[in-house]
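Summary of the model geometry
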Amino acid sequence: QLQLVESGGGLVQPGGSLRLSCAASGFNLAYYAIGWFRQAPGKEREGVSCISSSGGSTNYADSVKGRFTISRDSSKNTVYLQMNSLKPEDKADYYCAASRLRLVSQCRFDRREYDTWGRGTQVFVSS
């Protein structure tokens, strides 16, 4: 019933851009922090970016800071991850997740703080 669905992945050349979407059904995303995580083959799942339930606070991993932007569109119950200046190292499966608790003022990249996950969308960065 509670579901997140990612979309927007695909193949892009280095330096290109993609916008990932995380659409919610069964609950209102405005009450939860939303995190974007990624996992490359043979590597641990890592936090990429997150946004607070209010939308007033965001965090980014050092590896994507200045290149990625997270945002909300409450009217569409969707969170976006705009990815610019993509590098081959960004190739991974990207997942969005909603926080366990409501009204999260500051988000973190601790996976234990998220309990609703999408199935992921694949991002390929190659020339």
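These numbers come from a predicted model, not from an experiment.

1. With respect to the environment of Gly66
Along the chain, Gly66 turns up in the loop between β6 (58–60) and β7 (68–73). As a C-alpha pair, Gly66 and Cys22 span 44 residues in sequence and 21 Å in three-dimensional space.

2. Considerations on unusual backbone geometry
Located in the positive-phi region is Asn77, a residue other than glycine, with phi close to 50 degrees. Within the element layout of this structure, Asn77 appears in the loop between β7 and β8 (78–83). For Asn77, a relative accessible area of 16% gives the class buried. In the Ramachandran plot, Leu103 falls in the positive-phi region, its phi being about 55 degrees despite a non-glycine side chain. Its place among the elements puts Leu103 in the loop between β9 (92–102) and β10 (114–117).

3. Examining the pairing of β7
Where β7 lies against β8, six bridges are found, and the strand directions are antiparallel. What sits directly across from Arg72, in β8, is Val79. Here β7 hands over to β8 after four residues, with Asn77 in that stretch at a positive phi of 50 degrees.

Here is what the cut-offs are and how they apply
Residues numbered from 1 in each chain as written. Predicted model: local features only at pLDDT ≥ 70, side-chain atom pairs only at ≥ 80, totals over all residues. Heavy atoms only, no water. Helix = DSSP H or I, 4+ residues; strand = E, 2+ residues; numbered from the N terminus. Buried < 20%, exposed > 50% of the residue type's maximum accessible area, 1.4 Å probe, protein only. Pairing = 2+ DSSP bridges.

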